[in-house]
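# Topology and contacts: notes
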Protein chains: 2
Amino acid sequence: MSRVPALPPPEAAAAATGACPALDDFDRHLLAFVQQDCTLSAEHMGAAIGLSASAVQRRLKRLRAQGVIQAQVAVLDPARVGRGVTLLAGLQIDRDNYPVLAALRPRLAQDAAVQQAWYVTGQNDLMVVVQVANMAAYDAWCAALMQALPQIGRITTQVVIESLKRGLVVPVEAPV
Amino acid sequence: MSRVPALPPPEAAAAATGACPALDDFDRHLLAFVQQDCTLSAEHMGAAIGLSASAVQRRLKRLRAQGVIQAQVAVLDPARVGRGVTLLAGLQIDRDNYPVLAALRPRLAQDAAVQQAWYVTGQNDLMVVVQVANMAAYDAWCAALMQALPQIGRITTQVVIESLKRGLVVPVEAPV
DNA sequence: GCTGAAATGTCAATTAC
DNA sequence: GTAATTGACATTTCAGC
């Protein structure tokens, strides 16, 4: 009759309500896996943590639907596609021109050279990671940005000599 | 005998040699696709750019083998896994202690809170993107780092108020 | 002690590689 | 052609009455 005793779902019930994304240990293990390699088969991951392939698929589907998994993407080597130069641009906005931040948002989003952008506290108002082919391209990028948005008072540049760590991996530990 | 006329590989032959990764328009289109969503089927992408599914799979396999595609990963929402606070830490190393950079490299690589790290020019020697649960955790992170490596003269912190753009997408345009 | 919801595992069928 | 994903169904566990 019974072949395998169904394993007890700890707080899985609460997670399925949809509202509160309470992740259990299975979820955390799966998230750790797919953050490193999302091409692993459900069977492979399930065998590693003690779940069937179907259960793994269901959980990943739920995590995608809940927005915990935002996307599954390929990471390229920038140098191999002709964008080997990375820079960190610190943007300072004049005190009286803070509304320009609203205009900056769509511009940064559409700008292919902009890889990441944060609105921050401190010396700069915005920090932008820019990926270009060479310094001339960066110079042109700065010129175009400052011409389009004169409210930008200053751009402080930090040239990346070497990228020591690159990724969007977020640690998924137990909530203690 | 022959059923389907072998499709003309433009500079694919040169690329397949392994040495020179000359990307053609098909490759660039595929890279643009998979950077946004690597779960798209080969058939879907092939139909969009005029290639068979098999051809798409061959090209993607080659791009992975060449290292153009470094990885395929899931991107998580940091807030949904309890790491909603992002900071940019600027590390300054004392002039006489530059060898500490060698010790920093493995430490940053193993530190789960460190998402990205660049060795840069300018005011700071290193810029580090740190992802933590709250400011207390960041304080502890700084304390641990400075205790482990006293050669770090100063850590300048920029707190991320809002992430305007997040990703590792690299534009893949024609070489021109 | 019984009933209902939720999650798992197994199997078959579809799809993609 | 092979492997993996998807959907359907029976079974088990837990919460509530």
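Residues numbered from 1 in each chain as written. Chains lettered and ligands numbered in written order. Predicted model: local features only at pLDDT ≥ 70, side-chain atom pairs only at ≥ 80, totals over all residues. Heavy atoms only, no water.

## Some words on the packing of helix α3 (residues 42–49) of chain B against helix α4 (residues 53–66) of chain B
Residues and elements named next belong to chain B.
- At their nearest, the axes of α3 and α4 sit 8 Å apart, and the two run at 105° to each other. Taken together, the axes of α3 and α4 lie roughly perpendicular to each other. Residues Ala-42, Glu-43, Met-45 and Gly-46 of α3 lie in contact with α4, whose contacting residues are Ala-53, Val-56, Gln-57 and Leu-60.
- A class-by-class count of the residues in the contact of α3 with α4 yields five nonpolar, two polar and one charged. (Axes fitted to C-alpha atoms, helices over the stretch in contact; angles between N-to-C directions. Helix = DSSP H or I, 4+ residues; strand = E, 2+ residues; numbered from the N terminus. Parallel < 35°, antiparallel > 145°, perpendicular 65-115°, else oblique. Contact = heavy atoms within 4.5 Å. Nonpolar A, V, L, I, M, F, W, Y, C, P; charged D, E, K, R; others polar.)

## Some points on the pattern of salt bridges
- Following the criterion strictly, the structure yields twelve salt bridges over all chains and no others.
- For Arg-83 of chain A, the salt bridge is made with Glu-173 of chain B, and the minimal N-O distance between the two is 2.5 Å. One end of the pair, Arg-83 of chain A, is in the loop between β1 (69–76) and β2 (85–93); the other, Glu-173 of chain B, is in the segment after β5 (152–165), on a second chain.
- Using a relative accessible area of 40% as the deciding quantity, one classes Glu-173 of chain B as partly exposed.
- Measuring nitrogen to oxygen at the nearest pair gives 2.9 Å for the salt bridge that ties Arg-59 of chain B to Asp-24 of chain B. Placement of Arg-59 of chain B in helix α4 and of Asp-24 of chain B in the loop between α1 (12–16) and α2 (25–36) is noted, with a sequence separation of 35 residues between them.
- Looking at Arg-59 of chain B, the relative accessible area reads 7%, which means it is buried. (Salt bridge = Lys/Arg side-chain N within 4 Å of Asp/Glu carboxyl O. Buried < 20%, exposed > 50% of the residue type's maximum accessible area, 1.4 Å probe, protein only.)

## Section: the interface of chain B and chain A
- Facing 63 residues of chain B, the contacting portion of chain A comprises 63 residues.
- Between chain B and chain A lies a buried interface of about 6300 Å² when both sides are counted; carbon and sulfur atoms form 57% of it.
- For the pair chain B and chain A, the interface holds four salt bridges.
- Counting across the chain B and chain A interface gives 42 residue pairs in polar contact (both at pLDDT 80 or more).
- Counting residues per element, the ones that place at least two in the side of chain B that touches chain A are α2, β1 (69–76), β2 (85–93), α5 (100–110), β3 (114–120), β4 (126–132) and β5 of chain B.
- Residues that form the side of chain B that touches chain A fall into these classes: 35 nonpolar, 18 polar and ten charged.
- Pairing of strand β5 (residues 152–165) of chain A with β3 of chain B, which is carried by four bridges, proceeds in the antiparallel orientation. The residue of β3 of chain B that forms the bridge with Ser-163 of chain A is Trp-118 of chain B. (Buried area = accessible area lost by both parts, 1.4 Å probe. Polar contact = N/O pair within 3.5 Å; in protein donor to acceptor, adjacent residues only side chain to side chain. Pairing = 2+ DSSP bridges.)

## What about the packing of aromatic side chains?
Residues and elements named next belong to chain A.
- Tallied over the full model, the rule gives two aromatic pairs over all chains.
- An angle of 15° between the planes, with centres 5.9 Å apart, marks the rings of Tyr-138 and Trp-141 as stacked. Within this pair, Tyr-138 and its partner Trp-141 are both found in helix α6 (residues 135–148), separated by three residues, close to a single helical turn.
- The exposure class of Trp-141 is buried, given its relative accessible area of 9%. (Phe/Tyr/Trp six-rings, centres within 6.5 Å; stacked < 30°, edge-to-face > 60°.)

## What about the side chain of Gln-35 of chain A?
- Among the secondary structure elements, Gln-35 of chain A is positioned in helix α2 (residues 25–36).
- For Gln-35 of chain A, a relative accessible area of 3% gives the class buried.
- Only 2.6 Å separates the side chain of Gln-35 of chain A from the backbone nitrogen of Val-170 of chain A, close enough to count as a polar contact.
- Discounting chain neighbours no more than four positions away, the residues touching Gln-35 of chain A are Leu-168, Val-169, Val-170 and Val-172 of chain A together with Val-73, Ala-74 and Leu-76 of chain B.

## So, helix α5 (residues 100–110) of chain A
- Regarding α5 of chain A, the residues found buried are Val-100, Leu-101, Leu-104 and Leu-108 of chain A. Down the axis of α5 of chain A, the smallest arc covering the buried residues is 85°, so these residues share one side. With respect to the buried face of α5 of chain A, the exposed residues turned more than 90 degrees away are Ala-102 and Gln-110 of chain A.
- Buried residues belonging to α5 of chain A abut β2, β3 (114–120), β4 (126–132) and α6 of chain A together with β5 of chain B. (Arc of directions from axis to C-beta.)

## Describing the domain arrangement of chain A
- By domain assignment, chain A separates into domain 1 (10–65) and domain 2 (78–159).
- The distance between the C-alpha centroids of domain 1 of chain A and domain 2 of chain A comes to 37 Å. (Domains from an automatic or database assignment.)

## Here's the deal with the sheet that holds β5 of chain B
- What the eight strands build is a closed barrel, ordered β2(A)-β4(A)-β3(A)-β5(B)-β2(B)-β4(B)-β3(B)-β5(A); its pairing is antiparallel. Pairwise comparison of adjacent strand axes, ignoring direction, gives a mean angle of 35° for this sheet.
- Contacting β5 of chain A together with β2, β3 and β4 of chain B, α5 of chain B runs over the sheet at an angle of about 85° to β5 of chain A.
- Against the sheet, helix α6 (residues 135–148) of chain B makes contact with β2, β3, β4 and β5 of chain B, and its axis sits at roughly 150° relative to β5 of chain B, the strand it touches most.

## Considering the environment of Ala-174 of chain B
Residue and element names in this part refer to chain B.
- Mapped onto the fold, Ala-174 is located in the segment after β5.
- Judged by relative accessible area, Ala-174 falls into the partly exposed class, the value being 33%.
- Residues Ala-174 and Asp-27, spaced 147 residues apart in sequence, show a C-alpha to C-alpha distance of 10 Å.

## Here we look at the pairing of β5 of chain A
- As paired strands, β2 of chain A and β5 of chain A are joined by seven bridges and run antiparallel to one another. From the neighbouring strand, Ala-89 of chain A faces β5 of chain A, where its bridge partner is Thr-157 of chain A.

## Regarding the environment of Tyr-98 of chain A
- Structurally, Tyr-98 of chain A is set in the loop between β2 and α5.
- Between the C-alpha atom of Tyr-98 of chain A and that of Ile-152 of chain A, which follows or precedes it by 54 residues, the distance is 9.5 Å.

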